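What follows is each chain in one-letter form.
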Amino acid sequence: MTGSHPPYDGETAADASRLSVLLVDDSTLFRRGLASLLTAAGLEVVGELGSADAVDAVMATRRPQVVVLDVRMPPSHTDEGIKAAAAIRRTYPDTGALVLSTYAEGAWARDLFAEGSEGLGYLLKDRVDDVATLVEALHRVASGGTVVDPEVVTRLLAETSRRPLLDLLSERERDVLALMAQGLSNVGIGNRLFLSPRTVEAHIAAIFTKLPLDTQANSSNRRVLAVLAFLQDQVRHA
Amino acid sequence: MRSGSRWVLPVTVGLVALVAKILLSAPLLTSQAALVAITWLVTLSFAAVGLSLLATDVPSANGWACLLMACSTVPGDLNSTSYLSSGWTAVGFVLEPVYLPAGVALALRYPASRLSAPNRLLVWSLAAVTSPVRLVTVLTAGPLPDGYYRPVTAAAWWSPFLHDAVFVRAGRGAAALLLVGASVALVRRAALARGVSRESVIPLTVIGAVTALAAAVDQGIWAVNAFREVPADLVRDLSAALVPVALLGDLLRRRSAVATISQRVLRAARSGDLERTQAALQLALRDPQLRVLPPECLAEDGPPPADHPALTSASSGICEYTVRGDDGRVLARLWLDPRVADDEELVTAAVEATGTGLENARLTSDLRRRNVELRESRARIVAAGVEQRRQIERDLHDGAQQGFLAVSATLGRAQLVDPQQLGPLVDEARTGLSAALGELRRLARGIHPAALSQGGLLAAVPALCAPFAGRTTLVMAPAVGACAHEPAIETTAYFVVAEALTNAARYAPDASVAVHLDIVDGVLRIEVSDDGPGGAHLAPGGGLSGLADRVAALGGELGVDSRDASGTRLRAKLPLHNRAVPSHGSEPS
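Criteria and thresholds
- Residues numbered from 1 in each chain as written.
- Chains lettered and ligands numbered in written order.
- Predicted model: local features only at pLDDT ≥ 70, side-chain atom pairs only at ≥ 80, totals over all residues.
- Heavy atoms only, no water.
- Helix = DSSP H or I, 4+ residues; strand = E, 2+ residues; numbered from the N terminus.
- Buried < 20%, exposed > 50% of the residue type's maximum accessible area, 1.4 Å probe, protein only.
- Contact = heavy atoms within 4.5 Å.
- Areas by Shrake-Rupley, 256 points an atom, 1.4 Å probe, with all protein chains shown as cover.
- Expected span 1.5 Å × (residues − 1).
- Bend = angle between axes of the 7 residues up to and from the residue.
- Pairing = 2+ DSSP bridges.
- Axes fitted to C-alpha atoms, helices over the stretch in contact; angles between N-to-C directions.
- Salt bridge = Lys/Arg side-chain N within 4 Å of Asp/Glu carboxyl O.
- pLDDT = per-residue confidence, 0-100.
- Right-handed = clockwise from strand over helix to strand, strands pointing away.

Trainee: Could you clarify how one ought to interpret the overall build of chain B in this entry?
Mentor: Within chain B, the secondary structure is distributed over 19 helices and eight strands. When each of the 589 residues of chain B is scored for burial, the buried share is 44%. In chain B, the share of contacts with a sequence separation of at least 24, taken over all contacts with a separation of at least 6, comes to 66%. Accessible surface computed for chain B: about 29600 Å², of which carbon and sulfur atoms make up 62%.

What follows is the structure, given as structure tokens:
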């Protein structure tokens, strides 16, 4: 989610001029800070919860477009946020879920995207210092898109070595995939790898062909989906 | 006493008896070679058996009895026609029957060393009517120039009738009757013998009974002065010759018996199983009613229960042996039939093997138990370490990290406002940062207090007590500063005080607390006591229990004394390994 991230699709932005958000985090300090930030950025914070237990109660009256969740929350302080995000996506398909975590944990990401990636996101809490990126990620998740933090992608690709799907790709294609997953544009990837944009396009086309991707997905999501294809493959082979 | 000097007397006695025997009976060799050879053999055997018995652990009484038997074969030779002209005949005549009471006593008690009261009376009576009566006979009859078998003549200076009737006939008659009694007692002993001592008792008592009966007949013949043709003396001498043979055989048998019993009992007792030990002892000592009781079964001097089978049997009770370990602790009690306990040597061997085996089992199980404790406490220490790290991560995650992230969010908000309006946001960020830093500092202090690193316990403990000032008295010996040489001790001591104070603050918020630290004899002693409601204890998994493990790992001990309503007193002792630490040192430099 750097400055070179491909621009967010304008088609859903108009619908969400004032995006409604529910915050779920057991740290009051951080939750208050985040609420102030999002309010200042023009979003509507419809509620703040200290644990995932009361999410359903809020959803019954106010239907936010996105729920932002911490991972470690009461009662067990393990992965309540991941489970709650999946549950929200199952129960309220119109609502997106963005997990904001202190750590980039590959296992949590794999669990989160195990049943699909639509309307789900996983960002590090560190991203609160970049309002634009954060707000854009919220909009994307709200509109059914997917957001994966570059840190998380790096971690996942590091853990993914020697996996069957990865073996399908050449070393160069893998490099391109890693940069693509971090949100770089074709030009950005070319600059990084000293390749012409055409060569990059060719590599990306090869990656899309080799990986089992949803051909219906819009172009910007295909890039993230390429990465997530790995994650789901990971889950299947775990 | 274990040196050779204790052998000088018995060996001398044996040799003197043997040499005297050979020299004195030499004149008879031509006429009765076979008989003389047998008597030499008897003397030699008794001397050898006597010395062998003295070499064993059996009480020495029986060894000396055998040497006495060897000696008592000698006077008979003096009382022969070869020495008619000398006064030695009279000495021989008087001392000759010593072997009778000595032999009867030996046969009635072997292998034990004590006689029962009736048997003792019998033996002393026999002794009284033999040699003393013969002494009187000699004295009243004057010199006996032609041997003891000469009919009493008018040469007696006392009434010849009384001399003959009282001292010769009545004395011998009494001896004959007592010998009959002795043979009855020996047969009875053979019949009553039980357990492992049967094998020692039966051969000797049977031979002894035959010898005593033959001797009785012989004495009777002389008393009535008739039936001289009955060869009672030959039977007596031949069966008496078998006594040392029986003893020698028994002696050899006992060597292997002791080894077998010890081995068998030891093997069973090493299992630590008292029932198995009992079975092995019953088999080894052949006493089916033998009982092995656990040490806690009876008080030290408690009476045996009335229903023990040994009590209802013919004997006078049971013999109790206390089996003790090396440290004097009672490991078990043995109840034996006293008739089995007669065989002191074998029973002692069995009891000692039981003690060795049970001690061995106790040490082994102690070792195993300690091993388990050690393993468990080590596991607890490791688990506590892991839990501590988990807690630190959690504290970092929930505390400082969220604080810093909140500051991050505040700075994020700064991107959205006019540069002129940044003031309040910067203030907010600064407040958030200092709070998060404070949180970090608090956490770091919990991991390892900086005060401890810099000023040791002398600085860190007062700092610990500071929040409780007004209700806490701290007494700390300056020598405590020397703990700085042993960081593990120092840190553990610090956390013991910290945990105790935390507990006091939590459970006895109004109580006054006394903290005391000193070093005595190289041991750091910590005591934290309060006059609160009490009721604290070392709950498994609690903070104190974890500290107790750490203290134990350092070779110390931690205890909590906290009866309800009498306050809580926590005491810890931590031995300092660095012995250079003064026990009452001065202010550390």
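Trainee: Teacher, can you tell me more about helix 17 (residues 450-465) of chain B here?
Mentor: Since the α-helix advances by 3.6 residues per turn, residues separated by three or four positions end up pointing in the same direction. All names here are of chain B. An ideal rise of 1.5 Å per residue puts 22 Å on 16 residues; helix 17 reaches only 15 Å between its terminal C-alpha atoms. In helix 17, a bend of some 140° at G456 exceeds every other bend along the element. Listed as buried for helix 17 are L452, G456, L457, A460, V461, L464 and C465. Where helix 17 is buried, its residues touch strand 4 (472-476), helix 18 (487-507), strand 5 (513-520) and strand 6 (523-530).

Trainee: Could you clarify how one ought to interpret the sheet that holds strand 4 (residues 96-101) of chain A in this entry?
Mentor: Pairing between the strands of a sheet comes from backbone hydrogen bonds, and it takes one of two forms, parallel or antiparallel. Residue and element names in this part refer to chain A. Within the open sheet, the six strands sit side by side as 2-1-3-4-5-6. Their pairing is parallel. Edge strands, defined here as strands with exactly one partner in the open sheet, are strand 2 (44-49) and strand 6 (146-148). On average, adjacent strands in this sheet sit at an angle of 20° to one another, irrespective of strand direction. Strand direction decides the pairing type here: strand 5 (residues 120-124) and strand 6, joined by three bridges, are parallel. Opposite G121, over in strand 6, you have V147 as the bridge partner. This element, helix 2 (residues 28-40), spans strand 1 (20-24), strand 2, strand 3 (66-69) and strand 4 of the sheet and lies at about 170° to strand 2.

Trainee: Just checking my understanding: could you explain the pattern of salt bridges for this structure?
Mentor: Pairing of side chains with opposite charge becomes possible as their charged atoms draw close. All names here are of chain B. One pass over the full model with this rule turns up 37 salt bridges over all chains. Taking the shortest distance from any N to any O, the salt bridge between D218 and R236 comes out at 2.9 Å. Remark: R236 occurs in helix 11 (residues 232-269) and D218 occurs in helix 10 (residues 198-224); sequence separation between them is 18 residues. D343 is paired through a salt bridge with R254; the nearest N and O atoms lie 2.4 Å apart. Residue D343 is located in the loop between helix 14 (338-341) and helix 15 (344-414), and its partner R254 is located in helix 11; the two are separated by 89 residues in the primary sequence. On the basis of relative accessibility, which here comes to 0%, the residue D343 falls in the buried class. Residue R254 is classed as buried on the basis of its relative accessible area of 1%. Among the charged side chains, a salt-bridge network with shared partners connects E199, D250, R253, R254, R255, R286, D343 and E345.

Trainee: When you look at the confidence of the model for chain B in this model, what are you seeing that I'm missing?
Mentor: Interpretation of this model should avoid reading the predicted coordinates in detail wherever pLDDT is low. All names here are of chain B. Averaged over chain B, the pLDDT score is 83; the fraction of residues at 70 or greater is 88%. For the stretch residues 143-154, pLDDT sits under 50, and the model shows 17 contacts to residues farther than four places along the chain or on other chains. Between residues 580-589, whose pLDDT stays under 50, and residues either more than four places distant or in other chains, the model counts 17 contacts. Two numbers describe this predicted complex: its pTM, 0.58, and its ipTM, 0.76.

Trainee: Teacher, can you tell me more about the pairing of strand 5 of chain A here?
Mentor: Residue and element names in this part refer to chain A. Across the five residues that make up strand 5, a large majority, five, are buried. Of the two faces of strand 5, the one holding L120, Y122 and L124 and the one holding G121 and L123 are both buried throughout. Relative to strand 5, strand 4 is paired through five bridges, and the arrangement is parallel. Bridge pairing in strand 5 links S101 to L124. Each parallel crossover has a hand, and for strand 4 linked through helix 5 (residues 106-112) to strand 5 it is right-handed. One crossover worth recording links strand 5 to the parallel strand 6 by way of helix 6 (residues 131-142), and it is left-handed.

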